[in-house]
Amino acid sequence: MNPQVPLGESVPPNTRYAVSVSLPTWEDNVDYEKGIARVVDRMVGGYPRFFIARSIQKLVTMVKDRFALPSESAMLFPSQKCAERCAAFIYDQASKQHTADAEFALPRAGQVRIVTHVVEPINKKAAALDATSDALQTPVTIYCVFFPADLFPLAKQYWQHTGDGISARLADHCLRIAQVNEQLEQTAGPLSPFGSSSASRRKQGSGYHRTASAVASPLPSPSPSDGPATTVGASVAAPEALATAEDDVLSPEASIEADTYVEERFGRNLSLKYTANMKAALRRRIAGALSEEEQKQGAQVERGVAGLSADDVYIATTGMGAVFQVHQALLRVGRGKSVCFGFPYTDTLKILQKFGPGAYFLGQGEGSDYDELERILERHSQSTEEDSILAIFTECPSNPLLKTADLARLRELADRHGAALVVDETIGSFPNVDVLSWADVVVSSLTKVFSGDSNVMGGSIVLNPNRAHYARLRQTMDAEFEDLLWCEDAVFLERNSRDFMSRVPRINANALAVAEMLAASPKVAQVNYPKFTTAANYELIRRSTADAGYGGLLSVDFVGGEEASRAFYNGLACCKGPSLGTNFTLASPYTILAHFTELDWAARYGVSPYLVRISIGLEPCDELLAMFQKALDAIPA
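Source: prediction; values computed, not measured.

J.: Before we go on, may I ask you to explain the confidence of the model for the chain in this structure?
T.: In low-pLDDT regions, the fine details of the predicted coordinates are not to be read closely. Confidence along the chain averages 86 in pLDDT terms, with 82% of residues attaining 70 or more. In the model, residues 191-227 has pLDDT below 50 throughout and makes 81 contacts with residues more than four positions away in sequence or in other chains. Across residues 231-258 the pLDDT falls below 50, and counting only partners more than four positions away or on other chains, this stretch makes 84 contacts in the model.

As structure tokens, this is what we get:
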């Protein structure tokens, strides 16, 4: 078993781009949610949609020092569209969330603006000689949304809900270019600027190359309904960029070269020049079209959908980004509200509620909710004042209650009323469950078990070519979808997922043994696990292959309530922090982390405030059972 990781350290330990952070005691999680310094100040990272990586924070600071007005804050995005959506969201939600005692003022027209930054090396030949990255000589454009600092919580909501922000590896890439540029300037002396306007604005030691276009005039300030003001053609420059570099962003010598050496020395990654090939391999892998080498290794999967190809698969930067992009595509082909069926991961519901015309929430996801869903669909279909329901979103199984919806019934209702059915298969994963046969669209977080190594973010979208909505969705996705997965992230995602098919059965077996052991304990009130929870619905979609199981996630409530949950959690000798689907066992007090400010609301849908969620890993089964028994023994009798 993994030794307990100290508070605030990365999970897995010593992993630069880890997507989890250690919160080893129940009290640590509560204090994190309260913003207590003893926890927050020790965190080297966190889940990237919730905790903005230190390297991204540093890049934001550099950009703000160069371009921000007094009292402005900023967010960085990989495309103009992402930046425009963030700016529009700030204007929209500012008016909707503003109250008499709000801590922010309503933004005026033009107060939310976008600056385009081109980050490129001063000397491309010198950059090409740098052994740390064969992409270092390539210019990168990032898009910065500036806004009054008191609106930061709204911008952070957009970052969290959509997963649209730049990745930490992209931020580090920009910082590496800055470092190479500054080293060249220190060696050769200040370089001549391109033109007088640039000369008057350029700051020495910036570490960024100033392009000839300098800073163009901003577009006319729009009204809030028209969107953000935009400044175009500006390249990144930051004063004293690295002279005051923080310790958390390491120099290339101390970090990047070491990371590159480890990866290239042991041959686990391909060169970055093969990024397009890696993304193609990812799409084939997700579509179930395996390579000859994967077939030789015994990997087998049948998606069960005739005509499906890798061209029906789209790779998003995050799992929540996949959900967001599908919802955006649906809103381009229809106008109605959506339905969230079952209690979902928190940001899925936020996306449906805050973007577009809103959503109905049927949080029990069983029993009378099916009848209520039918009433909603019929009312909208017959109404002359309301649009028909756009889509039904559900998770199979759901996070954290592990409920599985009756997809046959949802499919029949969707077809009868012209709605799309969108299914999130993250928890079940496609080696175990076939949801694509029932759905119009399947989304998944590739960050989880598909990657397993907990060091890269990604998401997938798969369109079912045999459903009525396919033609319009495919046309919309091909026209609007942006491939924004950063090349280095694609490298790690492809590498990590090579053994995905062989890992899943081992995780299935371990999780089943743990779930059955916990269910047999008199200290346990309930184990949420697909074999025990809405089991008939899960069996409907479980594959018939011998290795297909119930996945690696379960959640537990204890007879002793909070005291028992705290004792059990604190007694676990495994990694503890956010995320799931890791190759190692990972636990968290889920409701505390995901719904701390709305515990009573979550409890109405059966999500106990004392729920412990456990993602089972690849450790030896006997060691897992011994560890969980010891945690059970820690619960007072």
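J.: I'm lost on the sheet that holds strand β14 (residues 524-528) in this one. Help?
T.: Spatial ordering of the open sheet is given by β14-β15-β18-β17-β16, a layout of five strands whose pairing is mixed. Edge strands, defined here as strands with exactly one partner in the open sheet, are β14 and β16 (575-576). Sheet analysis places β14 next to strand β15 (residues 553-558), joined by four bridges and oriented antiparallel. Bridge pairing in β15 links Asn 528 to Ser 555.

J.: What is the right way to read the pairing of strand β10 (residues 391-395) from this model?
T.: Each regular strand shows side chains that alternate between the opposite faces of the sheet. In terms of burial, β10 is largely enclosed, as five of its five residues are buried. The alternating pattern of β10 places Ala 391, Phe 393 and Glu 395 on one face and Ile 392 and Thr 394 on the opposite face, and all of these are buried. Here strand β8 (residues 338-341) runs beside β10; their pairing, made up of three bridges, is parallel. Counterpart to Val 339 in the pairing with β10 is Ile 392. Direction of pairing for β10 relative to strand β11 (residues 420-424): parallel, over a ladder of five bridges. Counted as the bridge partner of Thr 394 is Val 423 from β11. As a crossover connection, the stretch from β10 through helix α15 (residues 407-417) into β11 is right-handed.

J.: Where do I start with the packing of helix α14 (residues 368-382) against α15 in this structure?
T.: When two helices pack together, their arrangement is given by the angle between the helix axes and the distance between those axes. At their nearest, the axes of α14 and α15 sit 10 Å apart, and the two run at 10° to each other. Between α14 and α15, the angle is such that the two are roughly parallel. Contacts between α14 and α15 involve Tyr 370, Asp 371, Leu 373, Glu 374, Leu 377, Glu 378 and Ser 381 from the former and Arg 409, Leu 410, Leu 413, Arg 416 and His 417 from the latter.

Calculation rules
- Residues numbered from 1 in each chain as written.
- Predicted model: local features only at pLDDT ≥ 70, side-chain atom pairs only at ≥ 80, totals over all residues.
- Heavy atoms only, no water.
- pLDDT = per-residue confidence, 0-100.
- Contact = heavy atoms within 4.5 Å.
- Pairing = 2+ DSSP bridges.
- Helix = DSSP H or I, 4+ residues; strand = E, 2+ residues; numbered from the N terminus.
- Buried < 20%, exposed > 50% of the residue type's maximum accessible area, 1.4 Å probe, protein only.
- Right-handed = clockwise from strand over helix to strand, strands pointing away.
- Axes fitted to C-alpha atoms, helices over the stretch in contact; angles between N-to-C directions.
- Parallel < 35°, antiparallel > 145°, perpendicular 65-115°, else oblique.

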